[in-house]
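What follows is the residue order along each chain.
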Amino acid sequence: MSTKPSVEARLLIEDPRYESYRVGLEAKREVYVRALLRPNQDHVRMSRLAGQVSAIDFALGLPAVLLESDPRPSSPEE
């Protein structure tokens, strides 16, 4: 990305090809999540799958959505 990531992000979202890109990423994410949930996997494989899911979440912009929907209060109650 250049020095103007918000402009580039907007161009990506407005691109008509973005929808197929997003659909493909969501399909890959589903495959990785199903593989991650299989029983009796070793730690290395689970770590790699979790990394793949995290990278796809980042590409889809999900971390920002998850932070916005965090049910915990922003300031501790006294």
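Look a little higher up for the structure.
A quick note: this is a predicted structure, and the numbers were derived from the prediction, not measured.

J.: Honestly, the overall build of the protein in this entry has me stumped. Any pointers?
T.: A tally of regular secondary structure across the protein gives 4 helices and 0 strands. The buried share of the protein, taken over its 78 residues, is 12%. For the protein, the exposed surface amounts to about 6,800 Å²; the carbon and sulfur share of it is 59%.

J.: How do you make sense of unusual backbone geometry when you look at a structure like this?
T.: Trans peptide bonds make up most of the peptide bonds, and negative phi angles are found at most residues other than glycine. Its identity as a non-glycine residue notwithstanding, N40 has a phi of 60 degrees, on the positive side. The topology assignment puts N40 in the loop between α2 (18-36) and α3 (43-60). Judged by relative accessible area, N40 falls into the exposed class, the value being 83%.

J.: In this structure, what is going on with the side chain of Q41? I would like to understand it.
T.: Along the chain, Q41 falls in the loop between α2 and α3. Among the polar contacts made by the side chain of Q41, one reaches the main-chain carbonyl oxygen of A35 at a distance of 2.3 Å.

J.: How should I be thinking about α3 in this particular structure?
T.: An ideal rise of 1.5 Å per residue puts 26 Å on 18 residues; α3 measures up with 26 Å between its terminal C-alpha atoms. Turning to α3, its buried residues number three or more, namely L49, V53, I56, D57 and L60. The buried residues of α3 occupy an angular sector of 105 degrees when the element is viewed end-on, so they sit on one face. The exposed set on the far side of α3, more than 90 degrees from its buried face, consists of H43, R48 and F58.

J.: Honestly, α2 in this entry has me stumped. Any pointers?
T.: Because each turn of an α-helix spans 3.6 residues, side chains separated by three or four positions end up pointing in the same direction. Given a rise of 1.5 Å per residue, 19 residues ought to cover 27 Å, and the 27 Å separating the end C-alpha atoms of α2 matches this to within 8%. Considered for burial, the residues of α2 that qualify are Y18, L25 and A35. Along the long axis of α2, the arc covered by the buried residues comes to 110 degrees, so they all point the same way. Of the exposed residues in α2, the ones pointing more than 90 degrees away from its buried face are S20 and R34.

J.: Please clarify how the pattern of salt bridges should be interpreted in this entry.
T.: Pairing between side chains of opposite charge can happen when their charged atoms approach one another. According to the stated counting rule, one finds 3 salt bridges in the structure shown. Of the charged contacts, one joins E26 and R22 as a salt bridge, the two residues approaching to 2.7 Å between their closest N and O atoms. Pair noted here: E26 and R22 are both in helix α2, with a separation of 4 residues, about one helical turn. Judged by relative accessible area, R22 falls into the partly exposed class, the value being 22%. Among the ionic pairs, R34 bridges to E30, the shortest N-O distance being 3.2 Å. Note that R34 and E30 are positioned in helix α2 at a spacing of 4 residues, about one turn of the helix.

Analysis parameters
Within any chain, residue numbers begin from 1 and follow the written order of that chain's sequence. Only residues with pLDDT of at least 70 get local features here, since the model is predicted, and only at 80 or more are side-chain atom pairs given and counted; chain-wide, interface and lining totals rely on the full set of residues. Think of the side-chain values as coming from all heavy atoms in the structure, minus any hydrogens and water. Helical segments are the DSSP runs of H or I of at least four residues, strand segments are the runs of E of at least two, and each set is numbered from the N terminus. Relative accessibility decides the category of a residue: with a 1.4 Å probe and only protein chains considered, values under 20% of the type maximum give buried, values over 50% give exposed, and everything between is partly exposed. Methods summary: accessible areas were calculated by the Shrake-Rupley approach with a probe of 1.4 Å, and residue burial reflects only the protein chains presented. N or O atoms closer than or at 3.5 Å make up a polar contact, with two conditions inside protein: a donor-capable atom paired with an acceptor-capable one, and, for residues adjacent in sequence, both atoms drawn from side chains. Multiplying 1.5 Å by the residue count of a helix minus one yields the expected span of that helix. Each direction from the helix axis to a C-beta atom contributes to the arc, which is the arc of those directions. Any Lys or Arg side-chain nitrogen located within 4 Å of an Asp or Glu carboxyl oxygen qualifies as a salt bridge.

Honestly, that's just the spatial picture; any functional story needs more than this.
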